[in-house]
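Here are the chains, one letter per residue:
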Amino acid sequence: MSANPFEGYLNDNEKQVDDNLNSDESLLLSTKELLSKATPSLEFCKISVEETVDRLNTNSKTGLASTEEANHRRKEYGPNEISVEDDESLWKKFLSNFVEDRLILLLIGSAFVSAIMGNLDDAISITLAIIIVVSVGFVQEYRSEKSLEALNKLVPAECHLVRGGQEAHVLAAVLVPGDLVCFRIGDRIPADLRITEAFDLSIDESNLTGENEPVHKVTSAINKETFNYDTSGIIPLSDRTNIAYMGTLVKEGHGKGIVVGTSTNTSFGAVFEMMSSIEKPKTPLQLAMDKLGKDLSLFSFIVIGFICLIGIIQGRSWLEMFQISVSLAVAAIPEGLPIIVTVTLALGVLRMAKRKAIVRRLPSVETLGSVNVICSDKTGTLTSNHMTVCKIWCLGSMTNKLNVLDLQKTKGTNFKNYLTDDVRATLNVSNICNNASFSVEHSKYLGNPTDVALLEQLSKFELEDNRPNVKKIHEIPFNSKRKFMATEVFEQDGSHVLYVKGAFEKILSYSNTFLNEKGKIEKLTDAQKVSITECAESLASEGLRTLAFAKLQMKGTEPVTKLTEDMVTDLTFTGLIGMSDPPRPTVKPAIEQLIRGGVHIIMITGDSESTAVNIARQIGIPVIDPKLSVLNGDKLNEMSDDQLANVIDHVSVFARATPEHKLNIVRALRQRGEVVAMTGDGVNDAPALKLADIGVSMGKMGTDVAKEASDMVLTDDDFSTILTAIEEGKGIFNNIQNFLTFQLSTSIAALSLVALSTLFKLPNPLNAMQILWINILMDGPPAQSLGVEPVDHEVMKKPPRRRTDKILTKQVLRRLVGTAVCIIVGTIYVFVKEMAEDGKITPRDTTMTFTCFVFFDMFNALACRHSTKSIFEVGFLTNKMFNAAVGLSLLGQMCAIYIPFFQNVFKTERLSLGDLFFLLIVSSSVFIIDEIRKYWDKKKAQNDPSYYSMV
Ligand SMILES: Nc1ncnc2c1ncn2[C@@H]1O[C@H](COP(=O)(O)OP(=O)(O)OP(=O)(O)O)[C@@H](O)[C@H]1O
Ligand SMILES: [Ca+2]
């Protein structure tokens, strides 16, 4: 479920199976037509930045002057939100429910016939019953719509806004034309923007235009003379190279732009309106339910036709037979089934959102229960992403790995005394080659956590941030593929220096000299290189992220024209710093549970092998033999997909991996038929997230690109939330099986009851109105409440469900048939017993039968709350909605027996307390028998551990 209506339509999304190609094509055509309509971006792409600023009365540096001005504009343009107005009134929708259902029409017809034949009582009763049935159905449908709507609001769009010269992070909804917006790689564009600044900017517009290549964007106006208009004078979307469209994704670079169009005044908005009028594709589960519903309808129609025929042959009143048949059809057809499934899924998703996992596509809920491999990033997901510098080591001052400056052990000491020249130089590199910045608002450093940690330690040495004293010229930014960062500066004294920091094996391979404790540059011998590597390995094997630092005196007093990676060579090594990033406390227990439930956990990290192995052991990922279980990025590069697929079974850690590797890993796993969940947060992670069965992105650290590509967003970035989500996913599936058991057993029981009594020439045990009331119980609130049964944490003990497994498993079928038989036998017993007492059918007899059936149904519902656990383990009070639904149903039943008006409608009579007691005893049998079954199954499971996996 996402706010992006294009998903699965214009993109050839692998996960969506669309067999309806023709309608897709016509969809594309009408989309094209809509997109060629004039929006403000068409006007503004032809004029310069200055003119745009003038026309919108704003400023290209400081944005709109004030919030008042923005509020003023919002009154005119409305909020920057696209909501779909539902123009049909509730009344109309309600009334249409009477007309759309053919069975209901038939019932209304039969009421008419009754009235004409002078049977006014019957006519009124049937009409009332119809109204109740339709109302309950309507309320349920309405609820389902509302909960689906709520899903769309789970991931609100945000953006960086500049107003009155102040930058702030705000919701995209507050934007108005004239606002100035900043965006960078990974962001989603919040409105239609006229670009005013662009640095290496390219934007992925595939969700608007279908073009997969990102479009390079510039600031200059489109030249009216040279541009080849088509006859309509419309410049195609993809040619408006100075416009950033709402909903598109920044693939590279950064820039700024002025809002020219918001909400429906954007190209995105124009198409959104059309798309939202199209029904969303259904999830596999919903489709399976639809099919089940159809099969059941066919089956019940045959049975009912049969009943009707026999009844008429027997010479029963055809009108009564007709009414009963139609009511039976209404009851036996689980028309509420698809709605209950949708509501169950939607409510489940909302519940997951409260537990910090936002599922963006409904089908993912079902997939979650089948996940059997989870690939997770280390930093920030498994660890807390708060780094602290622990250890510093320099070759000159400390010579070997036994001698390390430990900033944590020597607490309270003044580290100023440890500032030998090489330590000082290392700290200086870590300071200057650094992009974190101090935020006065938050009174702490913000930025890359590694960079932040390096700045935070300066104060321990009474050092100040030295960056204001140098002039920065160029930078090679850090990225996960490069694994180092370099900064070219001019010092105050005019010297020209390159500062470099990064993964130790990289830096070491670029170095040929080192700085000693006196500040002298010496040649680096092979033996010394070995010492450095030994020390780095020793830091890393303590689980510390280990960086090496180096510098290079550059030639010339002029800056280089372009700083490239091959200039980073012949460096002077200064030292190593190790920083800790402790695992999140919740991760270890989560991993334990997942592994016990048969899920394979794989850690993918950019850190070194030793660091990764240490952390993996800390959090309980089994690394038995590092040779087999750990795979390094370089080795991965040399492997083919097949080779990887062959060994991946044993691998639990990928070290020194790049985002590109993730794609190979997912591919190899899927080739083996695994159901894979993969985490990621960067722009480069998007392809892997898309390919994974469940792509998981990070709500805090993740980019919009990653979020768009993912199926699920973790709002707290915490690995253990994945466990929560899987748990909920499995729970939802169980709940669906449980209410299916309930619905189908009731339905079978009602059908068989009437069929049997007809066959044995007995009078009908239930009349039409009574059958309709039973329909409300089985299609309505009690069934729905089974769908919100809280998750049983023990579902994690069961292995992941196979993707091909049916919903109606053998166990479920056996159970529901057993239940139905019990209800039928019990109800017929009561019916025959009552009838035998006086030899004829009185209202009392049908009242007893009717109430007996309803009581049976309520006990059945109670038994269906859990498939394997006794209600005494589950607890009577754990599902409030269930108790309310059953309570209300029983209250309704009492009304039907005791209130004169309803007695008329349902043709009932008052029963004595003793009668009720007797019925309770009879009907509780269905519950008691099921409890015995559960006890028995459990016994069997204890004796045979493999049995559990089958239940
Ligand atoms: N800001 C930085 N500047 C220079 N080098 C860095 C920086 N951050 C990390 N490194 C180096 O690059 C290596 C890999 O970092 P990378 O960011 O790829 O891993 P990560 O993505 O943070 O980890 P994970 O994949 O576990 O989330 C680190 O081990 C470190 O040596
Ligand atoms: Ca029904």
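This one's a predicted model, so the numbers in the text were calculated from it and none came from an experiment.

So, how was this worked out
Residues numbered from 1 in each chain as written. Chains lettered and ligands numbered in written order. Predicted model: local features only at pLDDT ≥ 70, side-chain atom pairs only at ≥ 80, totals over all residues. Heavy atoms only, no water. Helix = DSSP H or I, 4+ residues; strand = E, 2+ residues; numbered from the N terminus. Buried < 20%, exposed > 50% of the residue type's maximum accessible area, 1.4 Å probe, protein only. Contact = heavy atoms within 4.5 Å. Lys, Arg positive; Asp, Glu negative; His and termini not counted. Charge placed at Lys NZ, Arg CZ, Asp CG, Glu CD. Polar contact = N/O pair within 3.5 Å; in protein donor to acceptor, adjacent residues only side chain to side chain. UniProt positions renumbered as here; feature names shortened; annotations may be inferred. Expected span 1.5 Å × (residues − 1). Near = heavy atom within 4 Å. Areas by Shrake-Rupley, 256 points an atom, 1.4 Å probe, with all protein chains shown as cover. Nonpolar A, V, L, I, M, F, W, Y, C, P; charged D, E, K, R; others polar. Domains from an automatic or database assignment. Patch = residues over 30% accessible without salt bridge, like charges linked within 9 Å, V, L, I, M, F, W, Y side chains within 5 Å. Salt bridge = Lys/Arg side-chain N within 4 Å of Asp/Glu carboxyl O. Pairing = 2+ DSSP bridges. Right-handed = clockwise from strand over helix to strand, strands pointing away. Axes fitted to C-alpha atoms, helices over the stretch in contact; angles between N-to-C directions. Parallel < 35°, antiparallel > 145°, perpendicular 65-115°, else oblique. Left-handed = near helix turned anticlockwise from the far one by under 90°. Core = buried A, V, L, I, M, F, W, Y, C linked by side-chain atoms within 4.5 Å.

Let us now look at the overall build of the chain. Secondary structure assignment for the chain yields 35 helices and 26 strands. For the chain, the C-alpha atoms occupy an extent of roughly 115 × 75 × 50 Å along the three principal directions. Within the chain, buried positions represent 55% of all 951 residues. Intrachain contacts of the chain at a sequence separation of at least 6 include 73% that bridge at least 24 residues. Each charge class in the chain can be summarised by its mean position, and for the 98 positive and 114 negative side chains these summaries are 4 Å apart.

Looking at where Asp718 falls in the secondary structure, it is placed in the loop between strand S26 (712-714) and helix H27 (720-759). Taking relative accessible area as the criterion, Asp718 reaches 9% and is therefore assigned buried. Within the structure, Asp718 has its side chain in polar contact with the side chain of Thr586 (distance 2.9 Å). For Asp718, the side chain forms a polar contact with the main-chain nitrogen of Ser720, separated by 2.9 Å.

The next subject is unusual backbone geometry. One non-glycine residue, Ser263, lies in the positive phi region at around 35°. Mapped onto the elements of the fold, Ser263 is located in the loop between strand S7 (249-261) and helix H9 (267-276). Owing to a relative accessible area of 8%, Ser263 belongs among the buried residues under this scheme. Its identity as a non-glycine residue notwithstanding, Asp570 has a phi of 55°, on the positive side. Mapped onto the elements, Asp570 comes out in the loop between strand S19 (545-553) and strand S20 (571-580). A residue is classified by how much of its surface remains accessible, and Asp570, at 44% relative accessible area, is partly exposed.

Take the environment of Val830 next. Residue placement: Val830 occurs in helix H30 (residues 810-838). Spatially, the C-alpha atom of Val830 lies 7.2 Å from that of Met848, the residues being 18 residues apart in sequence. Other than its neighbours up to four places away in sequence, Val830 contacts Met848, Thr849, Cys852, Phe918, Leu919 and Val922.

The UniProt record annotates "transmembrane region" (unreviewed entry) at residues 99-117, 123-139, 296-314, 326-350, 812-832, 847-864, 876-899 and 911-929. Helix makes up 79% of residues 876-899 and strand 0%. Its end C-alpha atoms lie 29 Å apart.

Next up on the list: H30. Because an α-helix completes one turn every 3.6 residues, residues spaced three or four positions apart along the sequence face the same direction. For H30, built from 29 residues, the straight-helix expectation of 42 Å at 1.5 Å per residue is met to within 8% by its first-to-last C-alpha distance of 43 Å. Positive phi appears at Gly839, one or two residues downstream of H30, with a value of about 80°.

Moving on, we get to the site of ligand 1. If you check the shell around ligand 1, you find 20 residues, and the closest are Lys378, Thr379, Arg545, Thr605 and Asp607. Here an oxygen atom of ligand 1 and a backbone polar atom of Ala503 are 3.5 Å apart. Within the side chain of Arg545, an N or O atom sits 3.0 Å from an oxygen atom of ligand 1. Here ligand 1 has 630 Å² of accessible area as a free molecule, and 92% of this is covered by the chains. At the level of elements, helix H16 (449-456), strand S16 (496-503) and S19 are the ones that each hand at least two residues to the shell around ligand 1. In the shell around ligand 1, the residues fall into 4 nonpolar, 8 polar and 8 charged. The residue makeup of the shell around ligand 1 includes at least three contributed by each of domain 3 (367-383 + 584-717) and domain 4 (388-580).

A few words now on a nonpolar patch on the surface. A grouping of Phe112, Ile116, Met117, Ile312 and Trp318 is seen on the molecular surface, where their side chains present a nonpolar patch of about 630 Å² in accessible area. Within the element layout of this structure, Ile116 appears in helix H6 (residues 102-116). On the basis of relative accessible area, Ile116 is assigned to the exposed category, the value being 70%.

Here the focus is the pairing of strand S25 (residues 694-698). Counting buried positions along S25 yields 5 of 5 residues, so the element is predominantly enclosed. Side chains Ile694, Val696 and Met698 of S25 all project onto a buried face; the interleaved residues Gly695 and Ser697 project onto the opposite face, where all are buried too. Here strand S24 (residues 676-680) pairs with S25 via 4 bridges, running parallel. Following the sheet pairing, Ala677 is matched in S25 by Ile694. In the classification by handedness, the crossover that spans S24, the intervening helix H25 (residues 686-691) and the parallel S25 is right-handed. Taken together, the 3 bridges between S25 and S26 define a ladder with parallel strand orientation.

With that settled, the discussion passes to helix H24 (residues 659-671). The terminal C-alpha atoms of H24 lie 19 Å apart, and with 13 residues this matches the ideal 18 Å at 1.5 Å per residue to within 8%. After H24 finishes, the residue Gly673 shows a positive phi value of roughly 85°.

The strand order across the open sheet built from 8 strands is S8-S26-S25-S24-S9-S21-S23-S22, with neighbouring strands paired in mixed fashion. Only two strands of the sheet have a single neighbouring strand rather than two, namely strand S8 (357-359) and strand S22 (630-632). On average, adjacent strands in this sheet sit at an angle of 20° to one another, irrespective of strand direction. Summarising the sheet, S8 and S26 pair through 3 bridges and their orientation is antiparallel. Looking across to S26, one finds that Val359 is bridged to Met712. In the packing of H27 onto the sheet, contacts are made with S8, strand S9 (373-377), S24 and S26, and the angle to S26 comes to roughly 135°.

Okay, the packing of H27 against helix H28 (residues 768-779) next. Running from N to C, H27 and H28 cross one another at 165°; their axes reach a closest spacing of 9 Å. In terms of axis orientation, H27 runs roughly antiparallel to H28. Every pair of crossing elements has a handedness; the one defined by H27 and H28 is left-handed. Within the contact between the two elements, H27 uses Phe742, Gln743, Thr746, Ser747 and Val754 and H28 uses Ile771, Ile774, Leu777, Met778 and Asp779.

The element strand S10 (residues 388-393) is largely enclosed, with a buried count of 5 among its 6 residues. Summarising the sheet, S10 and S20 pair through 5 bridges and their orientation is antiparallel. Bridge pairing in S20 links Trp393 to Leu576. By the bridge criterion, 2 bridges tie S10 to strand S11 (residues 405-406) in an arrangement that is antiparallel. Bridge pairing in S11 places Lys391 opposite Asp406.

By domain assignment, the chain separates into domain 1 (21-86 + 155-276), domain 2 (282-356 + 724-795 + 803-950), domain 3 (367-383 + 584-717) and domain 4 (388-580). If you average the C-alpha positions of domain 1 and of domain 4, the two centres end up 42 Å apart.

Two elements in contact, H6 and helix H11 (residues 318-332), have axes separated by 10 Å at closest approach and are oriented at 155°. Taken together, the axes of H6 and H11 are roughly antiparallel relative to one another. For H6 against H11, the interelement crossing comes out left-handed. Residues Leu103, Leu106, Leu107, Ser110, Ala111, Val113 and Ser114 of H6 pack against Trp318, Leu319, Phe322, Gln323, Val326, Ser327, Ala329 and Val330 of H11. The residue inventory of the contact of H6 with H11, partitioned by class, reads 11 nonpolar, 4 polar and no charged.

Moving on: the environment of Val812. Here Val812 shows up in helix H30. Considered as a pair, Val812 and Leu740 are 72 residues apart in the sequence and their alpha carbons are 8.7 Å apart.

On to the nonpolar core, then. In this structure, Met289, Ile374, Leu594, Met603, Met712 and Phe719 are the most contacted members of the largest nonpolar core, which totals 130 residues. If one sorts the elements of this core by residue count, H27 sits on top with 17 residues. Three or more residues apiece are contributed to this core by two domains, here domain 2 (282-356 + 724-795 + 803-950) and domain 3 (367-383 + 584-717). In this structure Met289 touches Leu337, Val341, Ile736, Leu740 and Ile807, once residues within four positions along its chain are discounted. Within the second largest apolar cluster, 59 residues are counted, among which are Leu458, Ile507, Phe514 and Ile577.

Once that is clear, we can look at the pattern of salt bridges. Under the defined criterion, the tally for this structure stands at 40 salt bridges. We note a salt bridge from Asp649 to Arg672, for which the minimum N-O separation is 3.4 Å. Separated by 23 residues along the polypeptide, Asp649 in the loop between helix H23 (641-647) and strand S23 (653-655) and Arg672 in the loop between H24 and S24 bring together distant segments of the chain. A salt bridge links Arg933 to Asp937; its shortest N-O distance comes to 3.2 Å. With Arg933 and Asp937 both in helix H35 (residues 913-943) and 4 residues apart, this pair spans about one turn of that helix. A residue is classified by how much of its surface remains accessible, and Arg933, at 23% relative accessible area, is partly exposed. According to the relative accessible area criterion, Asp937 is buried, its value standing at 15%.

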